[in-house]
Amino acid sequence: MSVVSVASLPTVAQQLQGKVRPSALLNVLSVWQGDITRLRADAIVNAANSSLLGGGGVDGAIHRAAGPSLLEECKALGGCPTGEVRITKGYNLAATYVYHTVGPVGEKPALLKSCYTNTLNALAQNQVRTVAFSSISTGVYGYPPQNAAKLVVETVKDWLQTEEHLQSVDRIIFCVFSERDRNIYEAVLMAAFE
Ligand code: AR6
């Protein structure tokens, strides 16, 4: 499958030109629709479960594309509580690292926010400059996608308000799988930056 380098993707500032107020924050954000395993980034963020032993959805896709060494490394981590994050290598993926976060089952905003904040803090700490997030909890875990996107955009926007955080990243990609979710993210970003 063809690899997409995240540095080549248009930013939200470019994607939604004229529809959003210019903001330095929008120069580091992108919305991209497709299979996250195709992305060449420093890190991709997996929607894992607390066992970290793989599953369906994006988790299954990441494990299949990374190969069996990913599961071996995950086994040694001893699981991950909801809202937290654990880091592995990317193995056969185009991404260097996988950040595995465990979203809540159902609409639990504080826990979903923790997934994103903890992951962003860990990325900055590890000097990871390009990252693609999958839409945590919005598949089988049943978080309503629109509400999740609003919370995610607000959380990332707040996090980027700190100059140190803004300087720490080159690109944060919201990787959406469906056209519906791409429309949701674009509308939510327009509302957040109008
Ligand atoms: N690339 C990008 N996004 C994807 C891909 C892909 N290849 N495949 C699915 N999505 P889900 P959750 C989207 O169910 O709700 C697993 O079994 C999907 O359309 O993968 O957090 C874990 O092991 C949706 O928008 O994750 C857990 O048990 C989003 O990824 C459980 O599912 C998240 O959907 C976690 O559930």
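Model, not experiment: these values are computed from the prediction.

1. So, the pairing of strand 8 (residues 171-176)
Where burial is concerned, most of strand 8 is hidden: 6 out of the 6 residues are buried. Of the strand pairs in this sheet, strand 2 (residues 29-33) and strand 8 are connected by 5 bridges, and their pairing is parallel. When the bridges of strand 8 are listed, Val 31 appears paired with Phe 174. Here strand 7 (residues 130-133) pairs with strand 8 via 4 bridges, running parallel. Its bridge partner lying in strand 8, Thr 130 is registered against Arg 171.

2. Here we look at the site of the ligand
Near the ligand lie 22 residues; those nearest to it are Asn 49, Gly 56, Asp 59, Ser 137 and Gly 139. In the model, an oxygen atom of the ligand is placed 2.9 Å from a nitrogen or oxygen of the Val 58 main chain. The contact in question runs from an oxygen atom of the ligand to an N or O atom on the backbone of Val 140, over 2.9 Å. With respect to the detected pockets, the ligand is housed in the largest pocket. Considering each element in turn, the shell around the ligand owes the most residues, 4 residues, to helix 2 (residues 57-66).

3. Section: the packing of helix 2 against helix 3 (residues 68-75)
At a closest axis distance of 5 Å, the pairing of helix 2 and helix 3 adopts a crossing angle of 115°. As judged from the angle between their axes, helix 2 and helix 3 are roughly perpendicular. Contacts from Ile 62, His 63 and Ala 66 of helix 2 reach helix 3 at Leu 70, Leu 71 and Cys 74. When its residues are assigned to classes, the contact of helix 2 with helix 3 shows 5 nonpolar, 1 polar and no charged.

4. Let's talk about the sheet that holds strand 5 (residues 85-89)
In any sheet, the strands associate via hydrogen bonds between backbone groups, in a parallel or an antiparallel arrangement. Strand order in the open sheet formed by 6 strands is 2-8-7-4-6-5, and the pairing between neighbours is mixed. The strands lining the two open edges of the sheet, one partner per strand, are strand 2 and strand 5. Looking at each pair of strands side by side, their axes are set apart by 25° on average, direction ignored. Here strand 4 (residues 43-48) runs beside strand 7; their pairing, made up of 3 bridges, is parallel. By the bridge assignment for strand 7, Val 45 is matched with Phe 133. Each of strand 2 and strand 8 touches helix 7 (residues 179-192); the most contacted strand, strand 2, lies at about 160° to it.

5. Re the pattern of salt bridges
Working definition: two side chains of opposite charge can pair if their charged atoms are close together. In this structure the tally under the stated criterion is 6 salt bridges. A salt bridge links Lys 75 to Glu 72; the nearest nitrogen and oxygen atoms lie 3.3 Å apart. Residue Lys 75 and its partner Glu 72 are both found in helix 3; the two are separated by 3 residues, about one turn of the helix. Since its relative accessible area comes to 48%, Glu 72 is described here as partly exposed. Residue Arg 180 pairs with Asp 181 through a salt bridge whose shortest N-O separation is 2.9 Å. By relative accessible area, Arg 180 is classed as partly exposed at 48%.

6. A look at the layout of surface pockets
The gaps of empty space that remain are located by a probe, the size of a water molecule, rolled over the atoms. In this structure, the largest pocket spans a volume of roughly 580 Å³. Looking at the largest pocket, it is lined by 26 residues, and the ones nearest its centre are Ala 47, Gly 57, Val 58, Asp 59 and Gly 139. Contributing elements (two or more residues each) for the lining of the largest pocket: strand 4, helix 2, strand 8 and helix 7. Taken together, the residues of the lining of the largest pocket break down into 11 nonpolar, 11 polar and 4 charged.

Rules of the game
Note that residues are indexed from 1 along each chain, following the sequence as it is written. A pLDDT threshold of at least 70 governs which residues receive local features in this predicted model, and a stricter bar of 80 or more applies before side-chain atom pairs are shown or counted, although totals over entire chains, interfaces and linings include all residues. Side-chain metrics rest on all non-hydrogen atoms present in the structure, leaving aside hydrogens and water. Each residue is placed in one exposure class: buried if its accessible area under a 1.4 Å probe, protein chains only, is under 20% of its type's maximum, exposed if it is over 50%, and partly exposed if it falls in between. For helices the rule is a DSSP run of H or I covering at least 4 residues; for strands it is a run of E covering at least 2, with both sets numbered from the N terminus onward. Strand pairing is defined by DSSP finding a minimum of two bridges between the two strands. For this purpose, a residue is taken to be near a molecule or strand whenever a single non-hydrogen atom of the residue falls within 4 Å of it. Whenever a nitrogen or oxygen atom comes within 3.5 Å of another N or O atom, the pair is scored as a polar contact, on the condition that within protein one atom can donate a hydrogen and the other can accept it, and that pairs from neighbouring residues in sequence are kept only if both atoms are in side chains. The distinction between a cavity and a pocket rests on a 1 Å grid over the protein atoms alone: a 1.4 Å probe fits inside a cavity but cannot get out, while a pocket stays open yet meets protein on both sides within 12 Å along at least five of seven lines, and a residue with an atom within 4 Å of a point counts as lining. In this description, a molecule resides in a pocket or cavity if more than half of its atoms sit within 2 Å of the grid points defining it. Only the stretch in contact is used when fitting a helix axis, every axis being a line fitted to C-alpha atoms; angles between N-to-C directions are given from 0 to 180 degrees. The scheme is simple: roughly parallel for angles under 35 degrees, roughly antiparallel for over 145, roughly perpendicular for 65 to 115, oblique for anything else. Pairs of residues are marked as contacts when any of their non-hydrogen atoms sit within 4.5 Å. Ten residues, namely Ala, Val, Leu, Ile, Met, Phe, Trp, Tyr, Cys and Pro, are considered nonpolar, four, namely Asp, Glu, Lys and Arg, are considered charged, and the remaining ones, Gly among them, are considered polar. The salt bridge criterion pairs a side-chain nitrogen of Lys or Arg with a carboxyl oxygen of Asp or Glu, the two atoms within 4 Å. Grid points are joined across faces, edges and corners, and a volume is the space filled by probe spheres set on the points.

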